[in-house]
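# A structural walkthrough
The chain contents come next:
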Amino acid sequence: MNIQKLKIPAIILFAIIIVIGISCSTKTEELKDFKEVMKLENIEYTFINMDEYFPSKKVKKADQAFVFPQIKNIQLPESFNSKEVNYNTQKFIDSSYTQGLIFIQNDTILYEDYWRGQTGSVKHISWSMSKSYVSALFGIAMEEGYIKSVEQTVGEYLPELKGSGYEGVKIKDVLQMSTGVGFDETYSDPNADINRYWDDFGNGKSQDKFAASLKNEITPGTFNQYVSINTHVLGMIIVKATGKSLTEYLQEKIWKPIGAEFDAYWIADGEGMEMALGGLNAALRDYAKLGRLYLNKGNWNGNQIIPQSWVEASTHSTEEHLQANSENSSSPTFGYGYQWWIPDGDQGEIMAIGVFNQYIYINPTTHTVIVKNSANKNYYDGSNLYASTTTHLEFFRALAGVKRK
């Protein structure tokens, strides 16, 4: 699939020159442009126009769209509580810089609204919600026989990672963010590994080579540490095993079968490899369809798109270090499965979560799917409760009608 050409809007003073074949006078200027676009004051626009700055690959919509039944927007709860703090709902929506919010219960849209430039047809970047799509594709690839077992090692599919932190690591540990690979994912620290990765990606460099540069620090399978590059490695395995790009595989196996209403797109590096760890861009209602798919254990109107056994394995914490409140986790508030977050509780809830407050929330007990797109300019402020995932979870629970003990 060809990468679309870069478009440069007149209102942006600094264009990001990263498309293959387009050069800038110096690497320093390229980096300056990339950082300009990603400044917090610009992200409301950037997050809904990522294809203007990066090479992108189109995911074509379904020939026949699935459309959720919809009623007039209900009145949202006036307030909700999180950790003994009461939040006004509308202030929370505003203060978390929400751009799109959809609340679906019993297969019907009860509330849908947009702010800050997003509309029903506008594609918003998913960030790490993409990881849950990659997990789904991985399960499908296993069902189709392209990948034999999660007990295999990464090197059985990717010999090019020999000598890296992924050598000898089981695929299961990659899925469960337990590779032991050393990686600092502190977005607010300009010197962190995640920002080193972003500098490379913004300048069109190979993500494969970046993954090969990482080293191991902890025994694999013993500690849950969130390392975004793990998902890139999963993407590399899918591409190598299936012979198809992530874009092609998503379109064929999920996007068209679930009746996507709109085209989506996946941003890519300078070699055409999709940003598996966070680069999918889609409309809000189409994000909600992944929620519906998992709510129904991978079944879509009688068609088993994702194996039920894979859905169940993906959405349950098994080993001790994956449990909520584990001492052997860098994110102990939530449990972790195969690229899905698992809140503590008795509701069977799961979440796909992206930086700057992107969420797909699924509650099988109340038959609820909620999707929230945001461009939270205060996300780096650890004291800002409007950026907290815990606060968002309680907001979703208030909408879903979760009964508190």
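The rules behind each value
Residues numbered from 1 in each chain as written. Predicted model: local features only at pLDDT ≥ 70, side-chain atom pairs only at ≥ 80, totals over all residues. Heavy atoms only, no water. Helix = DSSP H or I, 4+ residues; strand = E, 2+ residues; numbered from the N terminus. Rg over C-alpha atoms; globule rule 2.2 N^0.38 Å. Buried < 20%, exposed > 50% of the residue type's maximum accessible area, 1.4 Å probe, protein only. Contact = heavy atoms within 4.5 Å. Areas by Shrake-Rupley, 256 points an atom, 1.4 Å probe, with all protein chains shown as cover. Lys, Arg positive; Asp, Glu negative; His and termini not counted. Charge placed at Lys NZ, Arg CZ, Asp CG, Glu CD. Axes fitted to C-alpha atoms, helices over the stretch in contact; angles between N-to-C directions. Left-handed = near helix turned anticlockwise from the far one by under 90°. Nonpolar A, V, L, I, M, F, W, Y, C, P; charged D, E, K, R; others polar. 1 Å grid on protein atoms, 1.4 Å probe; cavity = no way out; pocket = protein on both sides within 12 Å on 5 of 7 lines; lining within 4 Å. Points joined across faces, edges and corners; volume = space filled by probe spheres on them. Pairing = 2+ DSSP bridges. Salt bridge = Lys/Arg side-chain N within 4 Å of Asp/Glu carboxyl O. Phe/Tyr/Trp six-rings, centres within 6.5 Å; stacked < 30°, edge-to-face > 60°.

Turning our eyes to something else, we now look at the overall build of the protein. For the protein, the count of helices and strands is 12 helices and 15 strands. For 405 residues, the compact-globule estimate of 2.2 N^0.38 gives 22 Å, and the C-alpha radius of gyration of the protein, at 20 Å, lies within 12% of that figure. Oriented by its inertia axes, the alpha-carbon framework of the protein measures out at about 50 × 50 × 45 Å. Put simply, the protein has 405 residues, and 59% of those count as buried. Here the analysis covers contacts within the protein between residues at least 6 apart in sequence; of these, 69% occur between residues at least 24 apart. A total of about 16200 Å² of accessible surface is found on the protein, and carbon and sulfur atoms cover 48% of it. With 38 positive and 47 negative side-chain charges, the protein shows a separation of 4 Å between the mean positions of the two kinds.

This part is about the packing of helix 4 (residues 130-143) against helix 8 (residues 229-242). Packed helices, taken two at a time, are described by their axes: the angle between them and the distance between them. The contact between helix 4 and helix 8 brings their axes to 10 Å, and the two run at 35 degrees. Remark: the crossing between helix 4 and helix 8 carries left-handed chirality. Residue-level inspection shows Lys131, Val134, Leu137, Phe138 and Ala141 of helix 4 in contact with helix 8, the latter providing Thr231, Leu234, Gly235, Ile237, Ile238 and Thr242. Here the contact of helix 4 with helix 8 is composed, by residue class, of seven nonpolar, three polar and one charged.

The next point concerns the layout of surface pockets. Size it by volume and the largest pocket reaches roughly 800 Å³. Forming the boundary of the largest pocket are 26 residues, of which Tyr187, Ser331, Trp341, Tyr379 and Thr389 lie nearest the centre. Elements with a minimum of two residues in the lining of the largest pocket: strand 13 (350-354) and helix 12 (389-400). Of the residues assigned to the lining of the largest pocket, the class counts are 10 nonpolar, 13 polar and three charged.

Turning to the sheet that holds strand 6 (residues 124-125), a few remarks are in order. Here four strands make up an open sheet; going across it, the order is 1-7-8-6 and the pairing antiparallel. Pairing within the sheet leaves two strands with one partner each, and these edge strands are strand 1 (56-59) and strand 6. Bridge count between strand 6 and strand 8 (residues 280-282): two bridges; the pairing is antiparallel. Looking at strand 8, one finds that Ile125 is bridged to Asn281. Sheet contacts for helix 10 (residues 284-295): strand 6 and strand 8; angle to strand 8, the most-contacted strand, approximately 115 degrees.

The next thing to look at is unusual backbone geometry. If you check the backbone angles, Gln339 has positive phi at about 70 degrees while not being a glycine. Residue position: Gln339 is located in the loop between strand 11 (335-336) and strand 12 (341-342). Since its relative accessible area comes to 1%, Gln339 is described here as buried.

Using the criterion set out here, one finds 21 salt bridges in the structure. Here Glu274 makes a salt bridge to Lys57, at a shortest N to O gap of 3.2 Å. Residue Glu274 is found in the loop between strand 7 (264-267) and strand 8, and its partner Lys57 is found in strand 1; the two are separated by 217 residues along the sequence. Note on Lys57: relative accessible area 6%, which makes it buried. Note that Glu261 is salt-bridged to Arg285, the shortest N-O span being 3.2 Å. You can see Glu261 sitting in the loop between helix 9 (246-255) and strand 7 and its partner Arg285 sitting in helix 10, a full 24 residues away along the chain. On the basis of relative accessible area, Glu261 is assigned to the buried category, the value being 14%. Residue classification places Arg285 among the buried residues on the basis of a relative accessible area of 16%. Where salt bridges share partners, they join Glu112, Glu261, Arg285, Asp286 and Lys289 into one cluster.

Along the polypeptide, Ile109 turns up in strand 5 (residues 108-114). Residues Ile109 and Asn363 lie 254 residues apart in sequence; the distance between their C-alpha atoms is 15 Å. Leave out the neighbours within four places in its chain, and Ile109 touches Phe68, Pro69, Gln70, Ile71, Ile102, Phe103, Ile104 and Arg285.

Another aspect to go through is the packing of aromatic side chains. Inspection of every chain in the model, using the stated rule, returns 32 aromatic pairs. Plain terms: the ring middles of Phe92 and Tyr386 are 6.1 Å apart, the flat faces sit at 40 degrees to each other, and that makes the pair tilted. Of this pair, Phe92 sits in helix 3 (residues 89-95) while Tyr386 sits in the loop between strand 15 (368-374) and helix 12, and the two are 294 residues apart along the sequence. As far as the burial class goes, Phe92 and Tyr386 line up, both buried. Here Trp198 and Phe201 contribute two aromatic rings whose centre-to-centre distance is 5.7 Å and whose plane-to-plane angle is 75 degrees, an arrangement assigned as edge-to-face. Linking Trp198 with Phe201, this pair stays in helix 6 (residues 193-202), spanning three residues, or about one helical turn. Just as Trp198 is buried, Phe201 falls in that class too.

Attention shifts here to the pairing of strand 5. Burial analysis of strand 5 places six of its seven residues in the buried class, which makes it a mostly covered element. Bridging between strand 4 (residues 98-105) and strand 5 involves six bridges; their strand directions are antiparallel. Paired with Ile102 across the bridge in strand 5 is Glu112. Taking the residues between adjacent antiparallel strands as the criterion, strand 4 and strand 5 are bridged by two residues, where Asn106 takes a positive phi near 55 degrees.

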